[in-house]
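# Results of the structural survey
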Amino acid sequence: IIYWYFQFNVFFGNYAFIKYAPIIKSACLYTLILPVFVYKLYLPAIAGSGFIALGSILNELAKHANGGKMPVFPTLSKLTGYFSEEALANSSVHIMGSSETKLKIFCDFIDVGYSVLSIGDLLIHLFVFIIFLYAMKSVANQPNGGKKN
């Protein structure tokens, strides 16, 4: 519900909550600890944590090579209206990518229409996928498919 609330705000150009993004991101990741302990998903969580670490390193490399900010190369987001030049100009994290950008392969270039991601971002999101996948498998493997009588 919170995710959709933020997507709704971004769609209508309200970026006031962006300053809370690091807190929100951390809170979302910490909620994934519950299924890890409830379903004993320790090995998938360790693997997922490795992807988070690798993705974070790749993102930090790109930012470090580009003056402390992550270059963005929007394409489809411009067409869908999700990309805003003014929001990017006020960003403390992102800058517009250009021919001067270093380590372009690690920058935000994977445009899905409502967000521009980097390879590092995809690796970080892989943790969520792994935990959901193994949690669903654990529930499905319980007697009665996890339903209580």
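None of the values given here were measured: they were computed from a predicted structure. Within each chain, residues carry numbers counting from 1 in the order of the written sequence. The model is predicted, so local features are restricted to residues of pLDDT at least 70 and side-chain atom pairs to those at 80 or more, both for listing and for counting; the totals for chains, interfaces and linings are taken over all residues. Neither water nor hydrogens contribute to the side-chain values; these are computed over all heavy atoms in the structure.

Take the layout of surface pockets next. Put simply, the largest pocket is a space of about 2,400 Å³. As defined here, a cavity is a set of points on a 1 Å grid over the protein atoms alone where a 1.4 Å probe fits but cannot get out. A pocket is an open set with protein on both sides within 12 Å along at least five of seven lines, and residues line them when an atom is within 4 Å of a point. As for the largest pocket, its lining consists of 50 residues, and the residues nearest its centre are I18, A21, K25, H94 and S115. Elements supplying a minimum of two residues to the lining of the largest pocket: α1 (2-11), α2 (21-31), α4 (42-65), β1 (70-72), α6 (85-89), β4 (116-117) and α7 (119-140). Grid points are joined across faces, edges and corners, and a volume is the space filled by probe spheres set on the points. Every helix listed is a DSSP run of H or I at least four residues long, and every strand listed is a run of E at least two residues long, numbered separately from the N terminus.

The criterion for an aromatic pair is that two Phe, Tyr or Trp rings (for Trp, the six-membered ring) have centres within 6.5 Å, with stacked assigned to planes under 30 degrees apart, edge-to-face to planes over 60 apart and tilted to the rest. Inspection of the entire model under this criterion finds 2 aromatic pairs. A centroid spacing of 6.3 Å and a plane angle of 65° characterise the contact between Y82 and Y114, whose relative ring orientation is edge-to-face. Of this pair, Y82 sits in the loop between α5 (76-80) and α6 while Y114 is found in the loop between β3 (110-111) and β4, placing the two residues 32 residues apart along the sequence.

Below, the discussion takes up the pattern of salt bridges. Salt bridge, as used here, is a side-chain nitrogen of Lys or Arg placed within 4 Å of a carboxyl oxygen of Asp or Glu. This structure, assessed with the given rule, holds 1 salt bridge. Notably, a salt bridge pairs K63 with E60, separated by 3.0 Å at the nearest N-O pair. Here E60 and K63 lie together in helix α4, a separation of 3 residues that amounts to about one turn. To sort residues, take the accessible area from a 1.4 Å probe on protein chains only and compare it with the maximum for the residue type: under 20% means buried, over 50% means exposed, and anything in between is partly exposed. The exposure class assigned to E60 is partly exposed, which follows from its relative accessible area of 44%.

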